[in-house]
Amino acid sequence: MSLSVWKSSKKQIKFLVDLHLEELSSVPFVSGVIFAKLRLLNGGNFRKVSDREEIVEHRVCWNSHFEFECKLTATLTTGILDPSYCRVSVRREAQGGKSFQKLGFADINLSEFAGGTPQSRSYLLEEYTSSARANNALLRITISMKVKEGDFCFKVPLPTGPSYLEPISGTEKPDSEEGQTEKESHQGEHSRQSSSSDSGVVREMGSEYGSLERPSGRNSALSSAVTLDREKVGSSRVDSTRVDPENLIDELLRESNLESCPHADFWARVEFRQ
């Protein structure tokens, strides 16, 4: 297939890349000076060298920013971006800076960072030769890419290679997590309101019926209130039907008016004899 036919089946998109070279951790040396060389393997002619920093507690901090342009290609049918690598080669100074020793490298696929928010990743350094001693040094970078020219419709490939994803501080939570968190907070607030209302009912009943012991729950409080109401009603009915015999006799004597009766003296003598 000719080059013109291959280009016609691809679409080119130019990106503006912001690469933040942060640090190198777990360095297998106690002292020394470390620097990094960055270059595009395809999609541009970018080449840069970072600052030279000393090793402090097996760690090297650069905090350097690099901005460059990169051309990526994508198929017309699927829209998935083709791989485009930027190699970061980590080196250590030797012989007072006259030469250097290659510690390892990390190939970063820029198409995995295209068109999204800044992403941080840590890459385990790879050895240049199989005979080189393996090390566990981790290179941490943050990349942000924006479309400068070309079609905005494309798909980002899935991450590949020995990299470790790390979240960016200050990023917002997904909508599903926010909705779940909001739902849990509403449920907690509802449960607190229910418990406070129940405790309010118990306190009110306890103040009204101070002679009784405080119930353990809402159901027991309601049952105690119903029982107490029944006792009040029963006692009031008994009081209303109870009759005092002395008061009844006095009332009957007053109504009969025995003093005005013609036989009042007779009843008086009978009462006296008794």
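You'll find the structure just up there.
Residues numbered from 1 in each chain as written. Predicted model: local features only at pLDDT ≥ 70, side-chain atom pairs only at ≥ 80, totals over all residues. Heavy atoms only, no water.

Draft legend 1. Quick look at the packing of aromatic side chains. Per the stated rule, a full pass over the model turns up five aromatic pairs. Plain terms: the ring middles of F46 and F68 are 4.1 Å apart, the flat faces sit at 15 degrees to each other, and that makes the pair stacked. Taken together, the residues span a long stretch of sequence, with F46 in the loop between β2 (33-40) and β3 (47-49) and F68 in strand β5 (residues 59-75) at a distance of 22 residues. Taking relative accessible area as the criterion, F68 reaches 6% and is therefore assigned buried. When the centroid spacing of 4.9 Å and the interplanar angle of 50 degrees are considered together, the rings of F105 and Y128 count as tilted. On the criterion of sequence distance, the pair formed by F105 in strand β7 (residues 99-109) and Y128 in the loop between β8 (119-124) and β9 (138-149) is long-range, its members being 23 residues apart. Its relative accessible area of 8% is what places F105 among the buried residues. Overall, Y128 belongs to the partly exposed group, its relative accessible area being 32%. Chaining the aromatic ring pairs together yields one cluster made of F46, F66 and F68. One residue, R92, lies across the ring of F29, its end atom 4.0 Å from the ring centre. Note that R121 overlies the ring of F113, its terminal NZ or CZ placed 4.4 Å from the centroid. (Phe/Tyr/Trp six-rings, centres within 6.5 Å; stacked < 30°, edge-to-face > 60°. Helix = DSSP H or I, 4+ residues; strand = E, 2+ residues; numbered from the N terminus. Buried < 20%, exposed > 50% of the residue type's maximum accessible area, 1.4 Å probe, protein only. Lys NZ or Arg CZ within 6 Å of the ring centre and 35° of its normal.)

Draft legend 2. Molecular detail of the nonpolar core. Core analysis: the biggest nonpolar cluster contains 40 residues, and F15, L21, L24, L110, L139, I143 and M145 have the highest contact counts within it. Those elements that provide at least two residues to this core are β1 (10-25), β2, β5, β6 (85-94), β7 and β9. It is β5 that contributes the most residues to this core, seven residues altogether. (Core = buried A, V, L, I, M, F, W, Y, C linked by side-chain atoms within 4.5 Å.)

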